[in-house]
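# Examination of the molecular architecture
Below, each chain spelled out in residue letters.
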Amino acid sequence: MGAETTDLADRTDQPVGAADRAREQRGWYFYDFACSVYSTSVLTVFLGPYLTALAKSAADSDGFVHPLGIAVRAGSLFAYAVSASVILAVVLMPIVGAAADRGGRKKPLLAAAAYTGATATAGMFFLDGHRYLLGAALLIVANASLSVSMVLYNAYLPQIAGPEERDRVSSRGWAFGYTSGAGVLVLNLVLYAGHDRFGVSESTAVRICLASAGIWWGAFTLVPLKRLRDRRVAPAPAAAGKVGAGWRQLIATLRDMRARPLTLAFLLAYLIYNDGVQTVISQASVYGSEELGLDQDTLIVAVLLVQVLAVGGALGMGRLARTYGAKRTILGSLAVWTVILAAGFFLPAHEPALFFVLAGAIGTVLGGSQALSRSLFSHLVPSGKEAEYFSAYEMSDRGLSWLGPLVFGLAYQLTGSYRDAIISLVVFFAAGFVLLARVPVRAAVAAAGNPVPARI
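Every value quoted in this text rests on a predicted model; they were computed, and no experiment measured them. (Residues numbered from 1 in each chain as written. Predicted model: local features only at pLDDT ≥ 70, side-chain atom pairs only at ≥ 80, totals over all residues. Heavy atoms only, no water.)

### Regarding the confidence of the model for the chain
Looking at the chain, pLDDT values average 84 and 86% of them are 70 or higher. Contacts from residues 1-15, a stretch scored under 50 in pLDDT, to residues over four places away or in other chains number 15 contacts. (pLDDT = per-residue confidence, 0-100. Contact = heavy atoms within 4.5 Å.)

Okay, structure coming up:
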């Protein structure tokens, strides 16, 4: 009886009052607050250079390590591990999504994904010596767990916020994430820069920063798990809960998109250029440390600069979109991304001031290019199919985001030059620009059955 009472407390189809709804929304914000520290401190700043250093210390005389008997240039290991984590996530996401849809109990699955990722991240404290294989394995588990958890986290938004308040609630969650990412990164900088004063080695300071992100992730996940409630769902058909149901739904949605080829064309353009964006962010610290010879303090300050400017950049690009339209503004941002890569290719080593300028440019276009892409896609979705189209948007996005790190890793594998690896990413922005420029967005909005805005 006790278990049944607990279940009913967490699962409800009763109307939710304004106070309860606000409480759930505040709880929802805190998952972004919890997991964004991993994205900022671990994936963007510390793990790439540290894992690369571990691999190089274990490499043979030619600079190769041999995981599972495969010759891999040590400098490519991090990029390959990121690609592998995305592939694993894409396999898991539809399975987990089908299970959540079948039972209406997203919260236990969110807890499982979050604490798997948090545990793997905390385990990075034990990365020392030649344990590059352990580091790659923990990265794959943590990164895949984060992706799975974000699918479940995002699925709560339509349940806790009505259409008229969804933009506000979503934006606040985003702001919570940037706040925690920047705040913890400042603490990381204090520890790393002053590791001698704290009586720890530089390596130990990095491992503490890595592990603390996992502890933070796990600790603050308790807030959404306490406040979010699962809703009862209508009984699903027997086939809906099977392992392949999630993939079948995704395939059915993509087939439906074939009747709206302009929507599909925009989605393809977005997937390509966004893969370039994600790869630049994940590989920038490796490029800065290995090719430009910048120390960890410089990289941390640069990422803090990106975090701060991304908020203002998104707001500024939003204003530009109101004047010039979202499509033109996105195209302009892709041109800026191409210039950033070209500047990065020619950037001289040991010049932190110039690297900060580059980081400022990234921050200026980062948030806006992604936010405007999402809002533009929302105009291309037929009424009544928002959930399934955005599910395909997210699944397809994550499904292709392994390609950029793979290209980066292969370019370094073949040339031994991070400059060649970073410039290879221009193809994603150039191809995305051409494909997006060819999409007649006003016709695409009309074809989706939606009113065409004055500026689009």
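### Describing helix H15 (residues 403-415)
Compared with the 18 Å implied by 1.5 Å per residue over 13 residues, the 18 Å span of H15 between its first and last C-alpha is a close match. Burial in H15 covers these residues: Gly404, Pro405, Phe408, Gly409, Ala411, Tyr412 and Gln413. Phi turns positive, to about 70 degrees, at Gly416, one or two residues after H15. (Helix = DSSP H or I, 4+ residues; strand = E, 2+ residues; numbered from the N terminus. Expected span 1.5 Å × (residues − 1). Buried < 20%, exposed > 50% of the residue type's maximum accessible area, 1.4 Å probe, protein only.)

### Quick word on the pattern of salt bridges
Any two side chains of opposite charge can pair if their charged atoms end up close together. Evaluation of the coordinates by the stated rule reveals three salt bridges. Residue Asp128 pairs with Arg131 through a salt bridge whose shortest N-O separation is 3.5 Å. On the basis of relative accessible area, Asp128 is assigned to the partly exposed category, the value being 31%. Two residues, Arg419 and Glu291, come together in a salt bridge whose shortest N-O distance is 3.2 Å. Here the residue Arg419 occupies a position in helix H16 (residues 418-423), and Glu291 occupies one in helix H10 (residues 261-291), the gap between them amounting to 128 residues. (Salt bridge = Lys/Arg side-chain N within 4 Å of Asp/Glu carboxyl O.)

### Remarks on the layout of surface pockets
By volume, the second largest pocket is sized at about 250 Å³. Breaking the lining of the second largest pocket down by element, the ones donating at least two residues are helix H3 (77-103) and helix H5 (132-155). The biggest single contributor to the lining of the second largest pocket is H3, with four residues. Its residues assigned to classes, the lining of the second largest pocket comprises twelve nonpolar, one polar and no charged. (1 Å grid on protein atoms, 1.4 Å probe; cavity = no way out; pocket = protein on both sides within 12 Å on 5 of 7 lines; lining within 4 Å. Points joined across faces, edges and corners; volume = space filled by probe spheres on them. Nonpolar A, V, L, I, M, F, W, Y, C, P; charged D, E, K, R; others polar.)

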